[in-house]
Amino acid sequence: MRLLLLNGPNLNLLGLREPGLYGVITLAAIEADLQERAADLGVGLTCFQSNHEGALVDRIQAARGAESGEDVAGILINAGAFTHTSVAIRDALLGVAIPYVELHLSNVHARESFRHHSYLADRAIGVVSGFGPASYRLALEGLVGHLQARGGVG
């Protein structure tokens, strides 16, 4: 069983970018931790980060089973600022019809008002935000639990 973790713009700067808000842990460290947890749960995890909307759309579309040679059962997505702006990423997620969980390091609802709207949340399995790097583990565990309940993992 394969899962896909997508990280959007500026997440490659974790550990450097606004450490008071996002912490000092790097994206590489978060991904390594998540890979380990995924293995403990008996699932594979592929990680992808891009600052470019089209690259994220392409990666979502590539996750579509037989056509791509992949069999992605679920997607974890921290779309960063694209969460609040990208109809294209929303349409790609809906187009591939792969269950997904939206996640964020910070509590977006405790921030600027423009961050309060998500183009992804209404069709997500769930949304995890505000727990720093632990948001990734919580989202992974939630997605795996959802897939297990539907008979897709384990």
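In this report, the structure presented in the accompanying data block is examined. Predicted model, so just to flag it, every value in this text is computed and none were measured.

## A word on the overall build of the protein chain
Then, in step 1: Of the regular secondary structure elements, the protein chain holds 5 helices and 5 strands.
Then, in step 2: In the protein chain, the succession of α and β elements from N to C terminus is β-α-α-β-α-β-α-β-β-α.
Then, in step 3: For the protein chain, the proportion of contacts with a sequence separation of at least 24, taken over those separated by at least 6, is 76%.
Then, in step 4: Only carbon and sulfur atoms are counted for the fraction: they give 52% of the accessible area of the protein chain, which is about 7100 Å².

## Some remarks on the side chain of Thr-83
Then, in step 1: In this fold, Thr-83 is placed in the loop between strand E3 (72–78) and helix H4 (87–96).
Then, in step 2: With relative accessibility at 1%, the residue Thr-83 sits in the buried group.
Then, in step 3: In this structure the side chain of Thr-83 is engaged in a polar contact, spanning 2.8 Å, whose partner is the backbone oxygen of Gly-80.

## A look at the sheet that holds strand E5 (residues 126–129)
Then, in step 1: Across the sheet, 5 strands lie side by side as E2-E1-E3-E4-E5; this open sheet has parallel pairing. Of all the strands in the sheet, just strand E2 (44–49) and E5 have a single pairing partner and so form its edges. Geometrically, the sheet is characterised by an average inter-axis angle of 20° between neighbouring strands, direction not taken into account.
Then, in step 2: Strand direction decides the pairing type here: strand E1 (residues 2–7) and E3, joined by 6 bridges, are parallel.

## Overview of helix H3 (residues 53–62)
Then, in step 1: Of the residues making up H3, those classed as buried are Leu-56, Val-57, Arg-59 and Ile-60. Looking straight down H3, one finds that the buried residues subtend no more than 165° of arc, so they occupy a single side.
Then, in step 2: Where H3 is buried, its residues touch E1, E2 and H4.

## A word on the environment of Leu-56
Then, in step 1: By secondary structure assignment, the location of Leu-56 is in helix H3.
Then, in step 2: Once residues within four sequence positions are removed from consideration, Leu-56 is found in contact with Leu-6, Asn-7, Gly-8, Phe-48, Ser-50, Phe-82 and Ile-89.

## Overview of the nonpolar core
Then, in step 1: Grouped together as the largest cluster of nonpolar side chains are 22 residues, with contacts concentrated most on Leu-3, Leu-34, Leu-45, Leu-76, Tyr-136 and Leu-140.
Then, in step 2: Secondary structure elements with two or more residues in this core: E1, helix H2 (27–40), E3, strand E4 (100–104) and helix H5 (134–149).
Then, in step 3: Counting residues per element, this core draws most heavily on H5, which supplies 6 residues.
Then, in step 4: Setting aside chain neighbours within four positions, we find Leu-3 in contact with Val-43, Gly-44, Leu-45, Thr-46, Val-72, Ala-73, Gly-74, Leu-140, Leu-143, Val-144 and Leu-147.
Then, in step 5: One finds Leu-4, Leu-56, Val-57 and Val-96 within the second-largest nonpolar core, a separate group that totals 19 residues.

About the cut-offs
Within any chain, residue numbers begin from 1 and follow the written order of that chain's sequence. Local features in a predicted model are, by the rule used here, given only for residues with pLDDT of at least 70; side-chain atom pairs are given and counted only at 80 or more, and totals for whole chains, interfaces and linings are based on all residues. Neither water nor hydrogens contribute to the side-chain values; these are computed over all heavy atoms in the structure. Starting at the N terminus, helices and strands are each numbered in turn, a helix being any DSSP run of H or I of at least four residues and a strand any DSSP run of E of at least two. The contact definition used throughout considers only heavy atoms, calling two residues in contact when any of these lie within 4.5 Å. In this description, accessible areas are obtained by the Shrake-Rupley approach with a 1.4 Å probe, and a residue is regarded as covered only by the protein chains that are shown. A 1.4 Å probe rolled over the protein chains alone gives each residue an accessible area, and that area as a share of the maximum for its type sets the label: buried under 20%, exposed over 50%, partly exposed in between. Between N or O atoms, a polar contact is any pair within 3.5 Å; within protein, one atom must be a potential hydrogen donor and the other a potential acceptor, and residues adjacent in sequence are included only when both atoms are from side chains. Strand pairing requires that DSSP identify at least two bridges connecting the strands. All axes are obtained by fitting lines to C-alpha atoms, using only the stretch in contact for helices, and the reported angles, taken between N-to-C directions, cover 0 to 180 degrees. The directions considered for the arc are those from the helix axis to the C-beta atoms. In this description, a nonpolar core means a group of buried Ala, Val, Leu, Ile, Met, Phe, Trp, Tyr and Cys residues linked to one another through side-chain atoms lying within 4.5 Å.

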